[in-house]
Amino acid sequence: MPRIMIVDDEEDLRDVINVVLRKVGYETLTAENGDDLFTKIDGFHPDLITLDIMMPGLPIPDILTRLRDAYGNPPVILVTVVRYTKEDQQSNFAHGNVVDYITKPFDVTTLIRTISMHAPQGQEQPMAHSITAAA
Amino acid sequence: MSSREPDIIRTLREEERLGKLRGHEDAEGEDSEGVEEPGDFCSICCVPQGGQTPAVNLGDPAVLYQTIFENSAVAITLTDENERLIRWNSYAEQLLGRSRDDLWMQPVKNLYPAEEWAKIRFQNIRQRGITHHLETRMLHKNRECIDVDLSLSVLKDQLGNVIGSIGIIKDVTQAKTMEKALQRSEETFKQLYEKAPVLYHTLSPKGEITNINEQWSHALGYEKADVLGKYIFDFIVFSERDEAQRSFQAKIASKQQYSQPSERTYLTKTGEERVFLIRDFLSFDEYHKVLSIQTTMEDITDRKNIEKTLSSSRDELERCVEERTAELVRTNVRLHQETIEHEQIETALELTLSQLRTTQKTIQEQNRQLRKLDQLKTNFLNVTSHELRTPMAAIKGFVQIMQQRMIGEITEEQEKGLTVVLRNIDRLDHLVQDIMDISRLESGTMTFAPEPIAVSDLIAGAVETVKPAASLKHITITADCTASLPALLVDKIRITQVLANLLNNAIKFSPERTAINIRVKPDKEDVLFEVEDHGRGIPADKLEKIFEIFYQVDSGLDRKFGGTGLGLPISRGIILGHGGRIWAESTVGTGSILRFTLPITPPQGNPSSEKETETFSDG
């Protein structure tokens, strides 16, 4: 079962993503910023990270660099309000392994489709799954 | 001549006239005898016995005649009837260079060159004893000829027989020589006068022409015969005539032999005017009365013409020099002024430059602040966008979670309510999106990310976006882009947004169950997009206004038809940003066509000049 780490300073949005991903069968862990991410990441070993692009604390490029250098450069999906082209990804996020982005406000279906594209699941999770607030 | 005849000759003539030459017989007698001592001339001379000769007692006539004979300043010779010399005086010996022995009883013809003697004989015969005079030549002993005036008288007896002759001989060699010299001199003078390269004329004291030379004739074209006796003034040009006459009279009156040369213009026979330098020379008689005026005339016409030409050339040259000098002065003044102006300009420029530098600094500072402000603005927009959308995303997410029953079952009414919430969230999201776009266009911070994209993909994307809205009104959307079109280098999302805007607009104003047609075709350097609806149309005076921000809001259309009314202004901004054009055509009551173009080759560096970036800063 792929493990997704959700990093967002907005608790409500964190919850939306967390609920949806857990519902569709992912194992998730949430963090409220970069520092929190690196506190929790060691015991979790995420297959994919969703990263809000505008958070207080550690700047995104630093987070990406550190992920690359110390944590095996896991794939990252950016959650943003502004779309990015491939060129932008190459120039601005060259230091990390940014694989895609989700623009807010997103459709739940879009979220699920994007995540499963980069972290395919072995099997579907049962629908009835309790919501666990990981924060 | 006769007045100068020696008295003895006159006496002898008298004797001859009276036929009383007493010594004749004696002479003949002596002649026949062949011997007579010379020198006793008186023996053959007779003293007149008639009363016609005044009785003057001069002593012995023989002595008298002898004295006269001997002392005469002419040579006298006497011959006998055989033309042999029998008596002569000492002057004759002297003249002929002969002694008494050389002469005594010599034929007189020996004293003459043969041809002269022939002439004398001829004269003698022709005149038959009359005394006659002739110029002839005699032979000196040294065989040189002597020019003489010969007065020859034939002596006859009472019967008319020639008994001898008397020759009175005057040496005229000197006179002849002088005469010849004079002739030569005159000839020379005449030659000089005639052939001189200057013009000569001779005038009477009244001014009548008495002579001209060849040059005069040649120069003025008149024959000598034409001008002799005429007044010289008639040949002078009219304008100078009076003055010439006055001057001439003054010259005569002054009796100055020479006078100052003067210039005078003469008319030639052909009417040509020639200028001469005139020099007069007055000749006087022994009473110092003016005899004639000799004038030399030097033709100076050519010189005058050259002088005139030279003078005119000099004047021209001077004028040129003056003009050139004046021009140089003007140029100098102008240059000076220009220098001053240049200096002033330079000073002004320096001042301006300094001001410009200051201004540049100010502008640089302002630019820096503006850039900072721009950055702030962009940041603000990004942050605002993020801050607005994040809660919407949370709301939308949980509504969808609930709607999809991820967190438990809901009732139909609950689902209906959630649908309303969802629709309004989307509406709000569009509004936020539009406001953000307008803000970016207004602030110039909207940027484009061009990428090659097929026209059909653009249309498909836009149609997909508006499909739900079209379905609600049962509107059919058709697309005609069969023409082969190149891929366009544009911002895919933004152009799709434009097409979606136009389609949404068309849907909004179309009645239900109508069609909306999309057409795309090449148009010269561009690709032309058309979105046609069959709505109520747009009045002509509003065709431009619909692209103005908030027109739709202002006009109240928005409240009836929904939307912010920002779609068309945003579309215009995006199309202009891509180097295209956008406009509307409409027939009220029939429908509208909104058109825009996109260049096949986009303008260099325009759409992609700045990347839209989201700052990675803490919100």
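Only a predicted model underlies this, so the values are computations on that prediction, with no experimental measurement involved. (Residues numbered from 1 in each chain as written. Chains lettered and ligands numbered in written order. Predicted model: local features only at pLDDT ≥ 70, side-chain atom pairs only at ≥ 80, totals over all residues. Heavy atoms only, no water.)

Turning next to the side chain of Thr390 of chain B. Along the chain, Thr390 of chain B turns up in helix 11 (residues 301–403). Looking at Thr390 of chain B, the relative accessible area reads 2%, which means it is buried. Those residues in contact with Thr390 of chain B that lie beyond four places of it in its chain are Glu10, Leu13 and Lys104 of chain A. (Helix = DSSP H or I, 4+ residues; strand = E, 2+ residues; numbered from the N terminus. Buried < 20%, exposed > 50% of the residue type's maximum accessible area, 1.4 Å probe, protein only. Contact = heavy atoms within 4.5 Å.)

Turning our eyes to something else, we now look at the nonpolar core. All names here are of chain B. Of all hydrophobic cores here, the largest spans 42 residues; its most connected members are Leu488, Leu499, Leu502, Leu503, Phe529, Phe596 and Leu598. Of all elements in the fold, only helix 13 (455–472), strand 13 (488–491), helix 14 (492–509), strand 14 (515–523), strand 15 (526–532), helix 17 (567–577), strand 16 (582–587) and strand 17 (591–599) reach the threshold of two or more residues within this core. Sort the elements by how many residues they give to this core and helix 14 lands first, with eight residues. Residues contacting Leu488, with those up to four places away along its chain left out, are Glu451, Pro452, Ile453, Val455, Leu458, Val527, Phe529, Leu598, Pro599 and Ile600. (Core = buried A, V, L, I, M, F, W, Y, C linked by side-chain atoms within 4.5 Å.)

The complete set of buried residues in helix 5 (residues 108–118) of chain A reads Val108, Leu111, Thr114 and Ile115 of chain A. Relative to the axis of helix 5 of chain A, the buried residues are bounded by an arc of 135° and lie together on one face. Facing away from the buried side of helix 5 of chain A, by more than 90 degrees, are the exposed residues Arg113 and Met117 of chain A. Next to the buried residues of helix 5 of chain A lie strand 1 (3–7), helix 1 (11–23), strand 3 (48–52), strand 4 (76–80) and strand 5 (98–103) of chain A together with helix 11 of chain B. (Arc of directions from axis to C-beta.)

This brings us to the sheet that holds strand 3 of chain A. Paired through their backbone hydrogen bonds, the strands of a sheet run either parallel or antiparallel. Residue and element names in this part refer to chain A. Here we have five strands laid out as an open sheet, ordered 2-1-3-4-5, and parallel in their pairing. Each edge of the open sheet carries a strand with a single partner, namely strand 2 (27–31) and strand 5. Each strand axis lies, on average, 20° off the axis of its neighbour in the sheet, ignoring direction. Taken together, the four bridges between strand 1 and strand 3 define a ladder with parallel strand orientation. Its bridge partner being in strand 3, Ile6 is matched across the sheet by Thr50. (Pairing = 2+ DSSP bridges. Axes fitted to C-alpha atoms, helices over the stretch in contact; angles between N-to-C directions.)

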